[in-house]
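Report on the structure
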Amino acid sequence: MPKIYETTVTAPVNIAVIKYWGKRDSVLILPTNSSLSVTLSQDHLSTRTTIRASAEFVEDRLWLNGVEEDIAASKRLVNSITTARRLREAVEQKQRDAGAKDVVPLSKWPIHVCSENSFPTAAGLASSASGYSALVSALGVLFELPQSASELSRVARVGSGSACRSMFGGFVAWRAGVAADGNDSFADQIADHKHWPELQALILVVSETKKTVPSTAGMQTTVETSELFGERVRSVVPKRMQAMEKAIAERDFGTFAEITMRDSNQFHAVCLDTYPPVSYMNDLSRSIANIVHAFNSVRGRPAAAYTYDAGPNTVIYALKDDMRDLVELFTYCFPRDPAVLADDFYADPFGVLASASAVGHAPTTASVAQLAKAAGQFPPGSVRRIIHTEVGDGPRVLSASQSLLNEAGMPKRAKE
(Lines give C-alpha, C1' and ligand atoms only; values in the text may rest on other atoms or scores of the structure.)
Protein backbone atom coordinates (compact mmCIF):
# COMPACT_ATOMS: atom_id res chain seq x y z
CA MET A 1 0.00 0.00 0.00
CA PRO A 2 1.48 3.39 -0.98
CA LYS A 3 2.38 5.79 1.78
CA ILE A 4 -0.23 8.41 2.63
CA TYR A 5 1.15 11.90 3.11
CA GLU A 6 -1.29 13.46 5.56
CA THR A 7 -1.33 15.45 8.79
CA THR A 8 -4.09 16.41 11.20
CA VAL A 9 -3.72 19.23 13.72
CA THR A 10 -5.84 21.34 16.00
CA ALA A 11 -5.20 25.04 16.59
CA PRO A 12 -6.56 27.37 19.25
CA VAL A 13 -8.60 30.53 19.35
CA ASN A 14 -6.88 33.61 20.71
CA ILE A 15 -8.65 36.64 22.14
CA ALA A 16 -6.75 39.92 22.04
CA VAL A 17 -6.45 42.11 25.11
CA ILE A 18 -4.60 44.74 23.07
CA LYS A 19 -6.50 44.88 19.79
CA TYR A 20 -5.21 44.63 16.23
CA TRP A 21 -7.22 46.92 13.97
CA GLY A 22 -5.84 48.44 10.79
CA LYS A 23 -3.24 47.48 8.20
CA ARG A 24 -0.31 49.34 6.69
CA ASP A 25 -0.14 46.71 3.92
CA SER A 26 -3.30 44.80 3.06
CA VAL A 27 -1.56 42.22 0.85
CA LEU A 28 1.11 41.14 3.33
CA ILE A 29 -1.28 41.79 6.25
CA LEU A 30 1.05 44.14 8.08
CA PRO A 31 -0.63 45.83 11.06
CA THR A 32 -0.57 49.48 11.99
CA ASN A 33 0.07 48.56 15.63
CA SER A 34 1.30 45.66 17.73
CA SER A 35 -1.23 43.55 19.62
CA LEU A 36 -1.33 41.03 22.45
CA SER A 37 -3.62 38.10 23.07
CA VAL A 38 -4.46 35.19 25.34
CA THR A 39 -4.62 31.75 23.74
CA LEU A 40 -7.66 29.78 24.94
CA SER A 41 -7.79 26.05 25.60
CA GLN A 42 -8.38 23.76 22.66
CA ASP A 43 -10.33 21.47 24.96
CA HIS A 44 -13.20 23.94 24.55
CA LEU A 45 -12.53 25.92 21.34
CA SER A 46 -10.47 24.78 18.39
CA THR A 47 -10.18 24.23 14.66
CA ARG A 48 -9.22 20.78 13.46
CA THR A 49 -7.63 20.54 10.03
CA THR A 50 -6.49 17.56 7.99
CA ILE A 51 -4.32 18.04 4.90
CA ARG A 52 -3.37 15.28 2.49
CA ALA A 53 -1.02 15.66 -0.48
CA SER A 54 -1.23 13.20 -3.35
CA ALA A 55 0.01 12.97 -6.92
CA GLU A 56 -3.34 11.37 -7.72
CA PHE A 57 -5.39 14.43 -6.76
CA VAL A 58 -6.50 16.60 -9.67
CA GLU A 59 -6.49 19.97 -7.92
CA ASP A 60 -6.36 21.68 -4.54
CA ARG A 61 -9.68 21.37 -2.72
CA LEU A 62 -11.02 22.69 0.59
CA TRP A 63 -13.96 21.70 2.78
CA LEU A 64 -14.93 23.94 5.70
CA ASN A 65 -17.37 22.44 8.19
CA GLY A 66 -18.41 19.89 5.57
CA VAL A 67 -19.06 22.38 2.76
CA GLU A 68 -16.68 22.65 -0.18
CA GLU A 69 -15.24 26.13 -0.70
CA ASP A 70 -13.47 27.58 -3.74
CA ILE A 71 -9.80 27.93 -2.80
CA ALA A 72 -9.08 30.18 -5.76
CA ALA A 73 -11.71 32.65 -4.53
CA SER A 74 -9.62 33.49 -1.47
CA LYS A 75 -6.37 35.28 -2.27
CA ARG A 76 -5.27 34.96 1.34
CA LEU A 77 -5.75 31.21 1.34
CA VAL A 78 -3.84 30.92 -1.94
CA ASN A 79 -1.06 33.13 -0.53
CA SER A 80 -0.69 30.97 2.60
CA ILE A 81 -0.55 27.72 0.66
CA THR A 82 1.77 29.17 -1.99
CA THR A 83 4.16 30.51 0.66
CA ALA A 84 4.27 27.14 2.43
CA ARG A 85 4.93 25.41 -0.88
CA ARG A 86 7.87 27.70 -1.58
CA LEU A 87 9.35 26.75 1.78
CA ARG A 88 8.82 23.09 0.94
CA GLU A 89 10.52 23.57 -2.44
CA ALA A 90 13.60 24.83 -0.57
CA VAL A 91 13.57 21.68 1.58
CA GLU A 92 13.36 19.47 -1.50
CA GLN A 93 16.16 21.35 -3.26
CA LYS A 94 18.38 21.00 -0.20
CA GLN A 95 17.72 17.25 -0.19
CA ARG A 96 18.61 17.00 -3.88
CA ASP A 97 21.75 19.07 -3.35
CA ALA A 98 22.75 16.58 -0.65
CA GLY A 99 22.50 13.74 -3.18
CA ALA A 100 19.07 12.34 -2.26
CA LYS A 101 17.51 10.37 -5.11
CA ASP A 102 14.06 9.73 -3.65
CA VAL A 103 12.89 13.25 -2.83
CA VAL A 104 9.11 13.34 -2.48
CA PRO A 105 7.85 16.36 -4.46
CA LEU A 106 5.13 17.34 -2.00
CA SER A 107 5.42 20.97 -3.10
CA LYS A 108 4.11 19.97 -6.54
CA TRP A 109 1.28 17.68 -5.47
CA PRO A 110 -2.31 18.92 -5.10
CA ILE A 111 -3.71 18.93 -1.57
CA HIS A 112 -7.09 18.23 0.00
CA VAL A 113 -7.84 20.33 3.06
CA CYS A 114 -10.68 19.52 5.44
CA SER A 115 -11.32 21.83 8.38
CA GLU A 116 -13.92 21.89 11.14
CA ASN A 117 -14.54 24.43 13.90
CA SER A 118 -15.86 23.48 17.31
CA PHE A 119 -17.57 26.89 17.49
CA PRO A 120 -19.53 29.28 15.21
CA THR A 121 -17.57 30.56 12.22
CA ALA A 122 -17.17 34.34 11.77
CA ALA A 123 -19.27 35.28 14.81
CA GLY A 124 -16.65 37.21 16.72
CA LEU A 125 -14.86 34.15 18.13
CA ALA A 126 -11.64 34.42 16.11
CA SER A 127 -12.47 31.58 13.71
CA SER A 128 -10.12 32.87 11.02
CA ALA A 129 -7.24 32.94 13.52
CA SER A 130 -7.58 29.31 14.55
CA GLY A 131 -8.40 28.29 10.98
CA TYR A 132 -5.29 29.73 9.35
CA SER A 133 -3.12 28.68 12.28
CA ALA A 134 -4.35 25.11 11.83
CA LEU A 135 -3.74 25.30 8.08
CA VAL A 136 -0.17 26.56 8.40
CA SER A 137 0.67 24.25 11.30
CA ALA A 138 -0.57 21.25 9.31
CA LEU A 139 1.38 22.33 6.22
CA GLY A 140 4.48 22.81 8.37
CA VAL A 141 4.27 19.26 9.68
CA LEU A 142 3.24 17.70 6.36
CA PHE A 143 6.00 19.49 4.45
CA GLU A 144 8.56 18.89 7.24
CA LEU A 145 9.44 22.57 7.27
CA PRO A 146 12.42 23.58 9.45
CA GLN A 147 11.05 27.01 10.33
CA SER A 148 10.28 27.90 13.96
CA ALA A 149 6.78 28.77 15.17
CA SER A 150 7.66 32.48 15.00
CA GLU A 151 8.87 32.09 11.43
CA LEU A 152 5.76 30.13 10.45
CA SER A 153 3.63 32.80 12.11
CA ARG A 154 4.57 35.05 9.19
CA VAL A 155 2.98 32.49 6.86
CA ALA A 156 -0.18 32.36 8.99
CA ARG A 157 -0.23 36.17 9.05
CA VAL A 158 -0.70 36.46 5.27
CA GLY A 159 -3.87 34.40 5.66
CA SER A 160 -5.33 36.17 8.67
CA GLY A 161 -3.43 38.69 10.74
CA SER A 162 -4.50 37.42 14.14
CA ALA A 163 -3.74 33.83 13.07
CA CYS A 164 -0.06 34.47 13.73
CA ARG A 165 -0.87 34.72 17.45
CA SER A 166 -2.60 31.31 17.42
CA MET A 167 0.71 29.68 16.48
CA PHE A 168 1.57 29.80 20.20
CA GLY A 169 -0.11 28.98 23.46
CA GLY A 170 -0.24 31.19 26.52
CA PHE A 171 0.24 34.93 26.11
CA VAL A 172 1.33 36.11 22.67
CA ALA A 173 2.45 39.40 21.13
CA TRP A 174 2.22 40.18 17.44
CA ARG A 175 5.02 42.63 16.72
CA ALA A 176 3.90 45.14 14.11
CA GLY A 177 7.37 45.65 12.64
CA VAL A 178 8.44 48.42 10.29
CA ALA A 179 9.98 46.56 7.32
CA ALA A 180 8.17 46.91 4.02
CA ASP A 181 8.51 43.18 3.30
CA GLY A 182 7.00 42.21 6.66
CA ASN A 183 9.98 40.18 7.76
CA ASP A 184 9.88 41.75 11.23
CA SER A 185 6.12 41.36 11.67
CA PHE A 186 5.66 38.09 13.54
CA ALA A 187 4.31 36.57 16.73
CA ASP A 188 6.30 35.67 19.81
CA GLN A 189 5.30 34.16 23.11
CA ILE A 190 5.31 36.42 26.17
CA ALA A 191 4.59 33.56 28.59
CA ASP A 192 3.43 29.97 28.15
CA HIS A 193 0.03 28.58 29.14
CA LYS A 194 1.28 27.35 32.52
CA HIS A 195 2.48 30.81 33.59
CA TRP A 196 -0.84 31.98 35.06
CA PRO A 197 -2.95 28.89 35.86
CA GLU A 198 -5.48 30.87 37.90
CA LEU A 199 -6.62 32.89 34.87
CA GLN A 200 -9.82 31.65 33.22
CA ALA A 201 -12.36 32.97 30.74
CA LEU A 202 -16.09 32.95 30.15
CA ILE A 203 -17.44 33.47 26.65
CA LEU A 204 -21.03 34.63 26.46
CA VAL A 205 -22.26 33.77 22.98
CA VAL A 206 -24.82 36.39 22.08
CA SER A 207 -24.92 35.70 18.36
CA GLU A 208 -23.82 32.81 16.18
CA THR A 209 -24.44 34.60 12.89
CA LYS A 210 -21.80 36.06 10.61
CA LYS A 211 -20.84 39.69 11.02
CA THR A 212 -22.66 42.20 8.81
CA VAL A 213 -19.38 44.12 8.31
CA PRO A 214 -16.37 41.77 7.92
CA SER A 215 -13.26 42.75 9.88
CA THR A 216 -11.22 43.36 6.74
CA ALA A 217 -13.67 45.90 5.36
CA GLY A 218 -14.29 47.53 8.73
CA MET A 219 -10.66 48.12 9.60
CA GLN A 220 -9.82 49.53 6.18
CA THR A 221 -12.59 52.08 6.49
CA THR A 222 -11.35 52.95 9.99
CA VAL A 223 -7.81 53.59 8.72
CA GLU A 224 -9.16 55.86 5.98
CA THR A 225 -11.71 57.88 7.99
CA SER A 226 -11.25 57.77 11.77
CA GLU A 227 -9.61 60.81 13.33
CA LEU A 228 -9.12 58.98 16.65
CA PHE A 229 -7.32 56.06 15.02
CA GLY A 230 -3.99 57.84 14.51
CA GLU A 231 -3.68 58.78 18.19
CA ARG A 232 -4.39 55.18 19.19
CA VAL A 233 -1.64 53.86 16.92
CA ARG A 234 0.97 56.51 17.74
CA SER A 235 0.54 56.95 21.46
CA VAL A 236 -1.92 54.67 23.23
CA VAL A 237 -1.07 51.17 22.04
CA PRO A 238 2.74 51.31 22.54
CA LYS A 239 2.25 52.31 26.20
CA ARG A 240 -0.42 49.69 26.75
CA MET A 241 1.72 46.95 25.22
CA GLN A 242 4.50 47.67 27.72
CA ALA A 243 2.11 47.88 30.66
CA MET A 244 0.27 44.69 29.66
CA GLU A 245 3.45 42.66 29.23
CA LYS A 246 4.52 43.78 32.71
CA ALA A 247 1.11 42.89 34.18
CA ILE A 248 1.26 39.41 32.66
CA ALA A 249 4.81 38.83 33.86
CA GLU A 250 3.78 39.85 37.39
CA ARG A 251 0.38 38.14 37.23
CA ASP A 252 -1.17 41.47 38.19
CA PHE A 253 -4.85 40.92 37.45
CA GLY A 254 -5.97 44.41 38.46
CA THR A 255 -3.78 46.07 35.83
CA PHE A 256 -4.51 43.31 33.31
CA ALA A 257 -8.25 43.83 33.78
CA GLU A 258 -8.23 47.61 33.49
CA ILE A 259 -6.07 47.67 30.36
CA THR A 260 -8.15 44.89 28.76
CA MET A 261 -11.42 46.78 29.24
CA ARG A 262 -9.99 50.16 28.30
CA ASP A 263 -8.51 48.79 25.10
CA SER A 264 -11.73 47.04 24.15
CA ASN A 265 -13.66 50.25 24.78
CA GLN A 266 -11.24 52.29 22.70
CA PHE A 267 -11.26 49.80 19.85
CA HIS A 268 -15.05 50.06 19.60
CA ALA A 269 -14.89 53.86 20.00
CA VAL A 270 -12.57 53.97 17.00
CA CYS A 271 -15.04 51.79 15.10
CA LEU A 272 -17.82 54.25 15.91
CA ASP A 273 -15.54 57.13 14.86
CA THR A 274 -15.24 55.44 11.46
CA TYR A 275 -17.36 57.03 8.73
CA PRO A 276 -19.83 55.53 8.11
CA PRO A 277 -19.65 54.12 11.67
CA VAL A 278 -19.02 50.43 12.23
CA SER A 279 -20.82 48.88 15.19
CA TYR A 280 -20.03 45.34 16.31
CA MET A 281 -21.48 45.45 19.84
CA ASN A 282 -25.22 45.49 20.45
CA ASP A 283 -27.46 46.47 23.37
CA LEU A 284 -27.01 43.09 25.00
CA SER A 285 -23.22 43.38 24.72
CA ARG A 286 -23.33 46.73 26.48
CA SER A 287 -25.61 45.36 29.19
CA ILE A 288 -23.12 42.59 29.92
CA ALA A 289 -20.28 45.13 30.13
CA ASN A 290 -22.31 47.16 32.62
CA ILE A 291 -22.89 44.08 34.77
CA VAL A 292 -19.14 43.40 34.80
CA HIS A 293 -18.48 46.92 36.08
CA ALA A 294 -21.18 46.46 38.73
CA PHE A 295 -19.62 43.15 39.77
CA ASN A 296 -16.24 44.85 40.18
CA SER A 297 -17.86 47.52 42.33
CA VAL A 298 -19.40 44.86 44.55
CA ARG A 299 -16.03 43.16 44.86
CA GLY A 300 -14.26 46.43 45.55
CA ARG A 301 -11.53 45.57 43.05
CA PRO A 302 -11.14 44.64 39.38
CA ALA A 303 -12.34 41.04 39.61
CA ALA A 304 -13.51 40.57 36.02
CA ALA A 305 -12.57 42.08 32.66
CA TYR A 306 -14.67 42.08 29.50
CA THR A 307 -13.35 42.36 25.98
CA TYR A 308 -15.10 42.42 22.61
CA ASP A 309 -13.57 41.63 19.26
CA ALA A 310 -15.35 42.48 16.01
CA GLY A 311 -18.62 40.94 17.12
CA PRO A 312 -21.21 41.08 19.92
CA ASN A 313 -19.96 38.08 21.91
CA THR A 314 -18.38 38.83 25.28
CA VAL A 315 -15.16 37.33 26.62
CA ILE A 316 -14.75 37.79 30.36
CA TYR A 317 -11.40 37.14 32.02
CA ALA A 318 -11.28 36.44 35.74
CA LEU A 319 -9.31 34.45 38.28
CA LYS A 320 -10.73 31.04 39.12
CA ASP A 321 -11.65 32.04 42.70
CA ASP A 322 -14.16 34.55 41.29
CA MET A 323 -15.60 32.27 38.64
CA ARG A 324 -18.35 30.62 40.68
CA ASP A 325 -19.95 33.97 41.47
CA LEU A 326 -19.62 35.09 37.85
CA VAL A 327 -21.15 31.90 36.46
CA GLU A 328 -24.03 32.10 38.93
CA LEU A 329 -24.53 35.78 38.11
CA PHE A 330 -24.64 35.39 34.35
CA THR A 331 -26.63 32.15 34.24
CA TYR A 332 -29.22 33.85 36.45
CA CYS A 333 -29.36 37.13 34.52
CA PHE A 334 -29.37 35.37 31.15
CA PRO A 335 -31.54 32.25 31.52
CA ARG A 336 -31.22 29.29 29.21
CA ASP A 337 -33.62 28.92 26.33
CA PRO A 338 -35.73 25.86 27.30
CA ALA A 339 -35.11 24.44 23.82
CA VAL A 340 -31.35 24.33 24.51
CA LEU A 341 -29.94 21.39 26.46
CA ALA A 342 -28.43 22.31 29.82
CA ASP A 343 -24.97 20.99 28.90
CA ASP A 344 -25.06 22.90 25.62
CA PHE A 345 -25.84 26.12 27.47
CA TYR A 346 -23.20 25.78 30.20
CA ALA A 347 -21.17 22.60 30.56
CA ASP A 348 -19.33 23.53 33.81
CA PRO A 349 -16.04 21.89 32.79
CA PHE A 350 -14.29 22.97 36.00
CA GLY A 351 -17.05 21.97 38.41
CA VAL A 352 -17.58 25.45 39.87
CA LEU A 353 -21.26 24.87 40.65
CA ALA A 354 -22.60 22.57 43.34
CA SER A 355 -24.68 20.72 40.75
CA ALA A 356 -26.05 21.06 37.23
CA SER A 357 -29.40 22.10 38.69
CA ALA A 358 -27.74 25.22 40.16
CA VAL A 359 -27.53 26.80 36.71
CA GLY A 360 -29.93 29.72 36.56
CA HIS A 361 -30.59 29.91 40.30
CA ALA A 362 -29.97 33.08 42.28
CA PRO A 363 -26.29 33.49 43.26
CA THR A 364 -25.30 32.06 46.63
CA THR A 365 -23.13 35.04 47.66
CA ALA A 366 -25.44 37.67 49.15
CA SER A 367 -23.82 40.70 47.52
CA VAL A 368 -23.82 39.02 44.11
CA ALA A 369 -27.43 37.92 44.58
CA GLN A 370 -28.34 41.54 45.30
CA LEU A 371 -26.52 42.62 42.12
CA ALA A 372 -28.32 39.94 40.11
CA LYS A 373 -31.69 41.14 41.41
CA ALA A 374 -30.85 44.74 40.49
CA ALA A 375 -29.68 43.74 36.99
CA GLY A 376 -32.78 41.64 36.44
CA GLN A 377 -33.36 38.68 34.17
CA PHE A 378 -33.19 39.05 30.42
CA PRO A 379 -35.44 37.01 28.10
CA PRO A 380 -34.44 33.33 27.99
CA GLY A 381 -32.04 32.63 25.14
CA SER A 382 -30.64 36.18 25.01
CA VAL A 383 -27.29 34.52 25.64
CA ARG A 384 -27.26 31.38 23.54
CA ARG A 385 -24.56 29.61 25.52
CA ILE A 386 -21.73 30.21 27.95
CA ILE A 387 -18.31 28.65 27.35
CA HIS A 388 -16.00 28.34 30.35
CA THR A 389 -12.36 27.90 29.42
CA GLU A 390 -8.79 28.68 30.45
CA VAL A 391 -5.42 29.63 28.99
CA GLY A 392 -4.29 26.93 26.59
CA ASP A 393 -1.40 25.61 24.55
CA GLY A 394 -0.50 26.07 20.90
CA PRO A 395 -1.28 23.85 17.88
CA ARG A 396 -1.39 20.10 18.51
CA VAL A 397 -0.55 17.30 16.09
CA LEU A 398 -3.15 14.50 16.21
CA SER A 399 -2.98 10.84 15.37
CA ALA A 400 -4.04 9.42 12.00
CA SER A 401 -7.19 8.02 13.64
CA GLN A 402 -8.46 11.57 14.12
CA SER A 403 -8.23 12.47 10.43
CA LEU A 404 -11.16 14.28 8.85
CA LEU A 405 -10.52 12.55 5.50
CA ASN A 406 -11.44 9.01 4.47
CA GLU A 407 -9.22 6.53 2.65
CA ALA A 408 -9.95 8.21 -0.69
CA GLY A 409 -8.92 11.60 0.68
CA MET A 410 -12.46 12.94 0.81
CA PRO A 411 -14.28 14.39 3.86
CA LYS A 412 -15.78 11.89 6.26
CA ARG A 413 -18.57 14.36 7.08
CA ALA A 414 -19.39 16.22 3.86
CA LYS A 415 -22.63 18.17 3.39
CA GLU A 416 -24.59 18.31 0.18
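Residues numbered from 1 in each chain as written. Predicted model: local features only at pLDDT ≥ 70, side-chain atom pairs only at ≥ 80, totals over all residues. Heavy atoms only, no water.

Here we look at the packing of helix H1 (residues 75-97) against helix H2 (residues 127-142)
Stated formally: Each axis is a line fitted through C-alpha atoms, taken for helices only over the stretch in contact, and angles between the N-to-C directions span 0 to 180 degrees. Going along the chain from the N terminus, every DSSP run of H or I of four or more residues is numbered as a helix, and every run of E of two or more is numbered as a strand. For classification purposes, an angle smaller than 35 degrees is called roughly parallel, one larger than 145 roughly antiparallel, one from 65 to 115 roughly perpendicular, and anything else oblique. By the definition used in this description, the sense in which the near helix is turned from the far one sets the handedness, with an anticlockwise turn below a right angle giving left-handed and a clockwise turn giving right-handed. Whether two residues are in contact is decided by their heavy atoms: any pair within 4.5 Å suffices. In this classification, the charged set is Asp, Glu, Lys and Arg, the nonpolar set is Ala, Val, Leu, Ile, Met, Phe, Trp, Tyr, Cys and Pro, and all remaining amino acids, among them Gly, are polar.
Running from N to C, H1 and H2 point in directions that differ by 20 degrees, and their axes come no closer than 10 Å. When the interaxial angle is binned, H1 and H2 end up roughly parallel. H2 is crossed by H1, and the crossing has right-handed handedness. Contact residues: H1 offers Arg 76, Leu 77, Ser 80, Ile 81 and Ala 84, while H2 offers Tyr 132, Leu 135 and Leu 139. Considering only residue class, the contact of H1 with H2 consists of six nonpolar, one polar and one charged.

Examining the sheet that holds strand S5 (residues 35-39)
The condition is simple: DSSP calls a pair of strands paired once it identifies at least 2 bridges connecting them.
Spatial ordering of the open sheet is given by S2-S5-S10-S11, a layout of four strands whose pairing is antiparallel. Among the strands making up the open sheet, the edge pair consists of strand S2 (14-18) and strand S11 (187-191). Taken pair by pair, the neighbouring strands of this sheet meet at an average axis angle of 35 degrees, ignoring direction.

Details of the pairing of strand S10 (residues 171-174)
Consecutive side chains of a regular strand alternate in pointing toward one face of the sheet and then the other. We apply this condition: Burial classes follow relative accessibility: with a 1.4 Å probe on protein chains only, a residue under 20% of its type's maximum area counts as buried, one over 50% as exposed, and anything between as partly exposed.
With burial as the criterion, each face of S10 is covered, one bearing Phe 171 and Ala 173 and the other bearing Val 172 and Trp 174. Relative to S10, S5 runs antiparallel, the two being bridged by four bridges. Considered in S10, the bridge of Ser 35 is made with Trp 174. As paired elements, S10 and S11 share four bridges and run antiparallel to each other. Within the sheet, the bridge partner assigned to Val 172 lies in S11 and is Gln 189.

Describing the nonpolar core
This is how the line gets drawn: By convention a nonpolar core is built from buried Ala, Val, Leu, Ile, Met, Phe, Trp, Tyr and Cys residues, the set being connected through side-chain atoms within 4.5 Å.
Residues Leu 40, Phe 256, Ile 288, Tyr 317, Leu 329 and Phe 330 are the most contacted members of the largest nonpolar core, which totals 66 residues. Ranked by residues supplied to this core, first place goes to helix H8 (residues 323-333) with seven residues. Counting residues in hydrophobic clusters, the runner-up holds 44 residues, among them Val 113, Leu 135, Leu 145 and Ala 163.

A word on the pattern of salt bridges
The condition that has to hold: Salt bridge, as used here: a side-chain nitrogen of Lys or Arg that lies within 4 Å of a carboxyl oxygen of Asp or Glu.
Counted under the stated rule, the structure contains 21 salt bridges. In this structure, the salt-bridge partner of Asp 60 is Arg 85, at a minimum N-O distance of 2.8 Å. Pair noted here: Asp 60 is in the loop between strand S6 (46-53) and strand S7 (61-64) and Arg 85 is in helix H1, with a separation of 25 residues, a long-range link. Ionic pairing is found between Arg 324 and Asp 325, a salt bridge with its closest N-O pair at 3.5 Å.

Quick notes on the environment of Val 397
Examined against the element boundaries, Val 397 turns out to sit in strand S16 (residues 396-397). Take Val 397: its relative accessible area is 54%, and that puts it in the exposed class. As for Val 397 and Gly 177, which are separated by 220 residues in sequence, their C-alpha atoms are 30 Å apart. Excluding anything up to four places from it in sequence, Val 397 contacts Thr 7, Thr 8, Val 9 and Val 141.

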